[in-house]
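This is what each chain is made of:
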Amino acid sequence: MGDYDEETAFLGQMGPYFWVTFFLLNTVFVSTGFNGLYIIFAGAAPKHSCLIPEINLTEEWRNAIIPFTTVGGEEVQSQCSRYTLAVVKNLSDEGYIPERDVNLTNLSQERCLDGWNYSKDIYQSTIVTEWNLVCDNQWKVPFASSTLFVGYLFGSLISGQLSDRFGRKKVVFMSLGAQSLSVLLQSFSQSWKVFCVMFLFVGASQISIYISAFVLGTELLSKTMRVLFTTLGAFLFYCIGYMTLPWIAYGIRDWRTLLAVLSATSVVYIPLWWFIPESPRWLITQGRVTEAELIVRDAARKNKVQTPSVIFKESE
């Protein structure tokens, strides 16, 4: 392959074709900002305390059954233990008053055997409240986050091979569809394990979008626009998705609905298939020079410049 930049220098360094391609490709990165960080909200742990079953306890004992502990110099209710329910019920039946007749510090404690009460002041539902990922199981939330990065690893290994085989554009849009489907299926997860498995696919498809779109942009754009795209564009639009996500999560406090809505946002990318071209560089490496020339001539028409009769040498 000859010097592609030199042979297409007649397109100029800027123009309507380059600017439109620049913005359309960058909008793809907004979805990666959405879907890479929603675990912050879906995996949030609201304030919680041991669930006290509906048994015959006096109001004083029901209010005192959760012990206090010191966290950061502040006295707060324990989130993972309670005074032994059988002992408290016996004392309540005997008519004893906590702190007056009984020193609570001498009472034995037990784990939250009946589950937890979760505050709904901020979140209506998260994976933590749905599957009780607190106390002994709190490690499961960061583990779920780690599966996303395992997906990044696998996606990084295969996305380059796929884009070299099938084309940059096809991999970008296939990955967008895979990401949307993975997030949607994840919103229907019935267990923490299924959630983690689907998060792996979310990570693999998301990094495939990022890498393939990044490469496609560098191969479509001129030298000047390429520098702007790689140093500012991709990262800025990723941050736009990152900054927009909290506003969406603020309006949707249920994790399943949040993921379903984020999945649906990928629909807006469908029309881009007809506006974002394939990489002429890749087409040339595949021997599809005629298709590459059509794309370059269309770019020249949009930039309103004259196209030479022969763009690429016969050797290519």
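Residues numbered from 1 in each chain as written. Predicted model: local features only at pLDDT ≥ 70, side-chain atom pairs only at ≥ 80, totals over all residues. Heavy atoms only, no water.

J.: Any chance you could explain unusual backbone geometry here in plain terms?
T.: Leaving glycine out, the prevailing phi sign among residues is negative, and the prevailing peptide bond configuration is trans. In this model, C135 sits at a positive phi of 55°, which is unusual for a non-glycine residue. Tracing the backbone shows C135 in the loop between α6 (127-131) and α7 (140-166). Assessed through its relative accessible area of 15%, C135 is described here as buried. One non-glycine residue with positive phi stands out, namely K304, at about 60°. Here K304 shows up in the segment after α13 (289-303). Classification of K304 by relative accessible area gives exposed; the value is 76%. (Helix = DSSP H or I, 4+ residues; strand = E, 2+ residues; numbered from the N terminus. Buried < 20%, exposed > 50% of the residue type's maximum accessible area, 1.4 Å probe, protein only.)

J.: It is not clear to me how the state of the cysteines should be interpreted in this structure. Could you clarify?
T.: The bond known as a disulfide is covalent and runs between the sulfur atoms of two cysteines. Under the definition given, this model contains 2 disulfides. The disulfide partner of C50 is C112, and the S-S distance across this bridge is 1.8 Å. Between C50 and C112 the disulfide shows an S-S torsion of about -60°. By sign, it is left-handed. In this pair, C50 sits in strand β1 (residues 48-50) while C112 sits in the loop between β5 (109-111) and β6 (116-118), placing the two residues 62 residues apart along the sequence. Overall, C50 belongs to the buried group, its relative accessible area being 1%. Each sulfur in the disulfide pair C80 and C135 lies 2.0 Å from the other. Handedness here is read from the sign of the S-S torsion; for C80 and C135, about -100°, the answer is left-handed. (Disulfide = S-S within 2.5 Å.)

J.: Is there a simple way to explain helix α8 (residues 168-186) in this structure?
T.: Spacing of three or four residues puts side chains on the same side of an α-helix, whose turn is 3.6 residues. Helix length check: α8 (19 residues) gives 26 Å between terminal C-alpha atoms against 27 Å at 1.5 Å per residue, within 8%. Turning to α8, its buried residues are R168, K169, V171, V172, F173, S175, L176, Q179, S180, S182, V183 and Q186. (Expected span 1.5 Å × (residues − 1).)

J.: Hey, could you run me through the environment of S191 in this one?
T.: Relative to the assigned elements, S191 resides in the loop between α8 and α9 (192-220). In this structure the side chain of S191 is engaged in a polar contact, spanning 3.3 Å, whose partner is the backbone nitrogen of V194. (Polar contact = N/O pair within 3.5 Å; in protein donor to acceptor, adjacent residues only side chain to side chain.)

J.: I tried to follow the pattern of salt bridges on my own but got confused; where do I start?
T.: Pairing between side chains of opposite charge can happen when their charged atoms approach one another. Following the criterion strictly, the structure yields 11 salt bridges and no others. Here R82 and E110 are joined by a salt bridge, their closest N and O atoms 2.9 Å apart. Within this pair, whereas R82 is found in strand β4 (residues 81-83), its partner E110 is found in strand β5, the two being separated by 28 residues in sequence. Measuring nitrogen to oxygen at the nearest pair gives 3.0 Å for the salt bridge that ties R168 to E219. Remark: E219 occurs in helix α9 and R168 occurs in helix α8; sequence separation between them is 51 residues. Across the pair, exposure class does not vary: R168 and E219 are buried alike. Three or more residues are tied together by salt bridges with common partners; here these are R82, E110 and D114. (Salt bridge = Lys/Arg side-chain N within 4 Å of Asp/Glu carboxyl O.)

J.: Teacher, can you tell me more about the UniProt feature "transmembrane region" (unreviewed entry) in the protein here?
T.: Taken from the UniProt record, the annotation "transmembrane region" (unreviewed entry) applies to residues 17-41, 194-216, 228-249 and 255-276. Annotated as residues 194-216, this span is 100% helix and 0% strand, and its ends, taken at the C-alpha atoms, are 33 Å apart. Annotated as 100% helix and 0% strand, the span residues 228-249 places its first and last C-alpha atoms 31 Å apart. (UniProt positions renumbered as here; feature names shortened; annotations may be inferred.)

J.: Looking at this structure, how should I read the side chain of S159?
T.: Turning to its location among the elements, S159 is positioned in helix α7. In this view, S159 contacts V171, S208, I211 and S212; residues no more than four positions away in its chain are not counted. (Contact = heavy atoms within 4.5 Å.)

J.: Honestly, α9 in this entry has me stumped. Any pointers?
T.: Compared with an ideal rise of 1.5 Å per residue, which puts 29 residues at 42 Å, α9 spans 42 Å between its outermost C-alpha atoms and is within 8% of the ideal. When you tally the buried positions in α9, you get 21 out of 29 residues, the bulk of the element.

J.: Is there a simple way to explain the packing of α7 against α8 in this structure?
T.: Each pair of packed helices can be described by the angle between their axes along with the distance between the axes. Between α7 and α8, the least distance of the axes is 7 Å, while the angle of their chain directions is 130°. Considering the angle they form, α7 stands oblique to α8. Note on element contacts: α8 touches α7 through R168, K170 and V171, opposite S159, L162, S163, D164 and F166. Along the lines of polarity and charge, the residues of the contact of α7 with α8 split into 3 nonpolar, 2 polar and 3 charged. (Axes fitted to C-alpha atoms, helices over the stretch in contact; angles between N-to-C directions. Parallel < 35°, antiparallel > 145°, perpendicular 65-115°, else oblique. Nonpolar A, V, L, I, M, F, W, Y, C, P; charged D, E, K, R; others polar.)

J.: Would you take a moment to explain the packing of aromatic side chains for this structure?
T.: Working definition: an aromatic ring pair is given by the centre-to-centre distance plus the angle between the planes. Evaluated as defined, the whole model comprises 20 aromatic pairs. With 5.3 Å between their ring centres and 65° between their planes, Y17 and F18 make a pair best called edge-to-face. For Y17, a relative accessible area of 6% gives the class buried. Relative accessible area serves as the criterion here: at 3%, F18 is assigned to the buried category. Taken together, W19, F22, F23, F29, Y210, F214, F229 and F237 form an aromatic cluster joined through their ring pairs. (Phe/Tyr/Trp six-rings, centres within 6.5 Å; stacked < 30°, edge-to-face > 60°.)

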